[in-house]
Amino acid sequence: MREVAVIGVGMNRWGELWEKSHRTIWTEAALEAIADAGVDRVDAMYVGCMSGGLFVGQEHLGAMLADQLGMGPIPGTRVESACASGGLAFRQACLAVASGAHDIVLATGVEKMTDVDGGAATYALSTAADQEYECYHGITFPGLYAMMARDHMHRHGTTRQQLAAVAVKNHAHGVLNPLAQFPMKVTAEQVMESVMVADPLRILDCSPITDGAAAAVVVPLDMARQLSKQPPVRVAASAHATDALALHDRADLSWLASTAKAAELAYKQAGVGPKDLSFCEVHDCFTIAEIMVIEALGLAERGKGGAAAASGLTALGGKIPVNPSGGLKSKGHPVGATGVAQIRETVLQLRGACGQRQVKNASRGLTQNMGGTGASTVVHILERA
Amino acid sequence: MIGSARYWREIPQRYRYEAAKCAKCGRVAFPPRLVCAGCRGREFTPVKLAQTGVVETFTVIHVAPTGFGDETPYAVGIVKLDDGVRVTAQITDCETGKLAIGDRVKLEFRRLQQDGESGIICYGYKFVPAIG
Ligand SMILES: [Zn+2]
């Protein structure tokens, strides 16, 4: 297998982009990544998208977006793994380069979520859970994470205040990100008094509905310097693991076994441990998710993620900054794009190009992108080459 | 939203709680599967779910999906039945503010969703408080 590097990244401003179509937001991000890398061709492309069908009535995205890109009849593959679709698209691009099948591969993610109303968006997202044995009973995604939160609170003593601390931190980071959908500060009181969605989770515990796209150019490490002027970022690990689809089939309702497994595989591939990371970009689709994720990644002890989040450990300037981009919470969560946007943030951090939100001396970053209630997780570790 | 064949296929589970017990390791699959998630066994014997259990976690839904909007706020929980099987379902006939982890509940047959686009009235199980 060949070593793999990222030489270009792209992303547009995220938000409710009524004036822009699915294909337009995707093409903007793709062209930016290609220009950033400075390459004049792409040999293959992967598109992470959870549900073009339910959000905009469009499938066959591999062909449609290759057509939009205008780089000839290249193979375009759409990858789906719910909210982990983007991370998985990046992984497929890495595998395609590592295997020798292609040299210059475009990894992308996109979701256009605001063409449908809230009820239809909620339904589209719920298709990541078990339709017949979870959703049939009237449970929603916030509801499933709320049940995980209540279990975590009951079992480990996690508090409402600690959940709020995740939102406060990620919004404070998002203020420093010019592309974030909600770059405004929130206080713990605002979080804890916001509208109830699924008890104990309130609206400010939830990531938003977002239109957006992101892209990255992946090449063999030994060709990176000849193809691009950008400092190459090495992909030190790429790992993927799954778990039971339905939350009720998991042994421990508030332990993310797929994340723990993917992290274990990734640490082994990279030959590093959690203490060797400069920062992480993780899947904070809900405040409780970030608490469970930092435990599964080994950044905090099992059951102590809430206390760790409230202690400042994971804030910019803390020992291990988590979500310097603002995370899904503040940056936005166009589900298929999220995993690729995490890669973009990590590459820019490793180039030292993040301005006010720059992590000091960033040399190695981890991304964690999760689908459903954690039935799939994709983890990558990136390093300065 | 739910077509008639798709609805009909799940009736043995939703109306009659039919599950499958692995002949090799004894794990109960609900709904039945072709491969045991515990031991990869392929032989099962039909069993009926235990109909009482304990609330392991729950939420109260305030923002409902399509088909449930008239019922908010309503509780949904994960219940560990007395045979060890975990099931997700609504918990009804109780004050949602007084629900607690550890409460004993039992399964009852109820109407679940308003008529979908295909006109099917969706029935199935909900949990209600069990005395004692
Ligand atoms: Zn078995």
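The residue count restarts for each chain, going from 1 along the sequence in the order it is written. Chain letters and ligand numbers both follow the written order, the letters beginning at A and the numbers at 1. Only residues with pLDDT of at least 70 get local features here, since the model is predicted, and only at 80 or more are side-chain atom pairs given and counted; chain-wide, interface and lining totals rely on the full set of residues. Based on all heavy atoms of the structure, the side-chain values leave hydrogens and waters out of the count.

**A few points about the overall build of chain B**
Put simply, the test is: Only DSSP runs of H or I with at least four residues qualify as helices, and only runs of E with at least two residues qualify as strands; both kinds are numbered from the N terminus onward. Note on exposure labels: buried denotes an accessible area under 20% of the residue type's maximum, exposed denotes more than 50%, and partly exposed covers the range between, all computed with a 1.4 Å probe on protein chains only.
What chain B contains, in helices and strands, is 2 helices and 8 strands. Written out in order from the N terminus, the α and β elements of chain B read α-α-β-β-β-β-β-β-β-β. Oriented by its inertia axes, the alpha-carbon framework of chain B measures out at about 45 × 40 × 20 Å. Classification of the 132 residues of chain B by burial places 42% in the buried group.

**As for the pattern of salt bridges**
All names here are of chain A. Let me state the cut-off plainly: The term salt bridge refers to a pairing of a side-chain nitrogen on Lys or Arg with a carboxyl oxygen on Asp or Glu at a separation within 4 Å.
Inspection of every chain in the model, using the stated rule, returns 30 salt bridges over all chains. Among the ionic pairs, Asp205 bridges to Arg160, the shortest N-O distance being 2.7 Å. In this pair, Asp205 is assigned in the loop between strand S6 (201–202) and strand S7 (211–220) and Arg160 in helix H7 (residues 160–174), connecting sequence segments 45 residues apart. The residues Asp205 and Arg160 share a single accessibility class, namely buried.

**Quick notes on the domain arrangement of chain B**
All names here are of chain B. To keep it simple, the criterion reads: These domain limits were set by an automatic method or by a database of domain assignments. When checking whether two residues touch, look at their non-hydrogen atoms; a contact exists if any pair is within 4.5 Å. Buried area: the sum, over both parts, of the accessible surface (1.4 Å probe) that disappears when the two are put together. By the criterion applied in these results, polar contacts are pairs of N or O atoms within 3.5 Å in which, for protein atoms, one can donate a hydrogen and the other can accept it, and in which residues neighboring in sequence qualify only through two side-chain atoms. The residue classification treats Ala, Val, Leu, Ile, Met, Phe, Trp, Tyr, Cys and Pro as nonpolar and Asp, Glu, Lys and Arg as charged. All others, Gly included, are polar.
Split by domain assignment, chain B resolves into domain 1 (1–48) and domain 2 (50–132). The gap between the C-alpha centroids of domain 1 and domain 2 is 20 Å. Counting residues at the interface gives 12 residues for domain 1, matched by 18 residues for domain 2. Across the interface of domain 1 and domain 2, roughly 1300 Å² is buried in total on both sides, 65% from carbon and sulfur atoms. Linking domain 1 with domain 2 are 0 salt bridges. Between the two partners, domain 1 and domain 2, sit 1 residue pair in polar contact (both at pLDDT 80 or more). For the side of domain 1 that touches domain 2, the elements supplying multiple residues, two or more each, are helix H1 (4–9) and helix H2 (11–16). The class makeup of the residues in the side of domain 1 that touches domain 2 is 7 nonpolar, 3 polar and 2 charged.

**A closer look at the coordination of the zinc ion**
All names here are of chain B. We count it as follows: Metal coordination here is assigned from N, O and S atoms located within 2.8 Å of the ion, or within 3.2 Å for Na, K and Ca; omission of water means that sites may look incomplete. In these descriptions, tetrahedral denotes four donors with every angle between 85 and 135 degrees, square planar four donors and octahedral six donors with opposite donors over 155 degrees apart and the rest between 65 and 115, and irregular any other case.
Surrounding the zinc ion are the protein donor atoms Cys22 (SG), Cys25 (SG), Cys36 (SG) and Cys39 (SG), at 2.3 to 2.4 Å. Angles of 98 to 116° at the metal separate the 4 donor atoms of the zinc ion, which places the site in the tetrahedral class. The motif formed by the donor residues of the zinc ion, counted along the single chain, is C-x2-C-x10-C-x2-C. What makes Cys36 buried here is its relative accessible area of 5%.

**Some details on the packing of helix H4 (residues 85–98) of chain A against helix H14 (residues 335–351) of chain A**
All names here are of chain A. Applied cut-off: The convention used is that axes are lines fitted to C-alpha atoms, helices contributing only their stretch in contact, and that angles between N-to-C directions extend from 0 to 180 degrees. Each angle is binned into one of four classes, with values under 35 degrees roughly parallel, values over 145 roughly antiparallel, values of 65 to 115 roughly perpendicular, and all other values oblique.
Running from N to C, H4 and H14 point in directions that differ by 55°, and their axes come no closer than 5 Å. It follows that H4 is oblique to H14 by the angle criterion. Side by side, H4 and H14 meet where Ser85, Gly86, Gly87 and Phe90 of the first sit next to Gly336, Gly339, Val340 and Ile343 of the second. Across the contact of H4 with H14, the residue classes break down as 3 nonpolar, 5 polar and no charged.

**Comments concerning the confidence of the model for chain B**
Using the following cut-off: Scored between 0 and 100, pLDDT is the confidence that the predictor attaches to each residue.
The pLDDT averaged across chain B works out to 93; a share of 95% of its residues lies at or above 70. Across the interfaces of the predicted complex, the ipTM metric reaches 0.96, alongside a pTM of 0.98.

**With respect to unusual backbone geometry**
Cis peptide bonds are those with omega within 30 degrees of zero, and the linkage from A:Asp199 to A:Pro200 qualifies with 10°. Inspection of the secondary structure puts A:Pro200 in the loop between strand S5 (196–199) and S6. Here the bond from B:Phe30 into B:Pro31 is cis, since omega is -5°, no more than 30 degrees from zero. One non-glycine residue, A:His60, lies in positive phi territory at about 60°. For A:His60, the location among the structural elements is in the loop between helix H2 (52–56) and helix H3 (61–69).

**Quick look at the sheet that holds strand S10 (residues 364–371) of chain A**
Residues and elements named next belong to chain A. As a reminder, the rule being used: Pairing between strands is defined by DSSP: at least two bridges between the two strands are required.
Spatially, 9 strands are ordered S3-S2-S4-S7-S1-S8-S11-S10-S9 in an open sheet, and the strand pairing comes out mixed. Either end of the sheet is taken by a strand with one partner, and the two such strands are strand S3 (76–79) and strand S9 (279–281). Sheet twist, expressed as the mean angle between neighbouring strand axes with direction ignored, is 25°. Across the sheet, H4 is in contact with strand S1 (4–11), strand S2 (44–48), S3, strand S4 (105–112), S7, strand S8 (233–242), S10 and strand S11 (376–384); its angle to S2 comes to roughly 160°.

**Regarding the domain arrangement of chain A**
All names here are of chain A. As assigned here, chain A comprises domain 1 (4–117 + 209–233) and domain 2 (138–206 + 237–384). Its C-alpha centre places domain 1 at a distance of 23 Å from the equivalent point of domain 2. Linking domain 1 to domain 2 there are 1 salt bridge. The closest approach of N and O atoms between Asp36 and Arg351, which form a salt bridge, is 3.0 Å. Inspection of the region where domain 1 meets domain 2 yields 13 residue pairs in polar contact (both at pLDDT 80 or more). Of all the elements in the fold, those that place two or more residues in the side of domain 1 that touches domain 2 are S1, H4, S4 and S7.

**Comments concerning the interface of chain B and chain A**
In this complex, chain B contributes 37 residues to the contact, which on the side of chain A involves 28 residues. Between chain B and chain A, roughly 2800 Å² of surface is buried when both sides are summed, and carbon and sulfur atoms account for 56% of that area. It is B:Arg14, B:Arg86 and B:Thr88 in chain B that bury the most area against chain A; as a group they hold 20% of the surface buried on that side. Across the pair A:Asp249 and B:Arg33 runs a salt bridge whose closest N-O atoms are separated by 3.7 Å. Where chain B touches chain A, the interface holds 18 residue pairs in polar contact (both at pLDDT 80 or more). Those elements that provide at least two residues to the side of chain B that touches chain A are H1, H2, strand S4 (52–61), strand S5 (74–81), strand S6 (86–91), strand S7 (104–113) and strand S8 (122–129) of chain B. Here the side of chain B that touches chain A is composed, by residue class, of 22 nonpolar, 9 polar and 6 charged. With 2 bridges connecting them, S5(A) and S4(B) associate as antiparallel partners. Among the inter-strand pairings, A:Asp199 is bridged to a residue of S4(B), identified as B:Val60.

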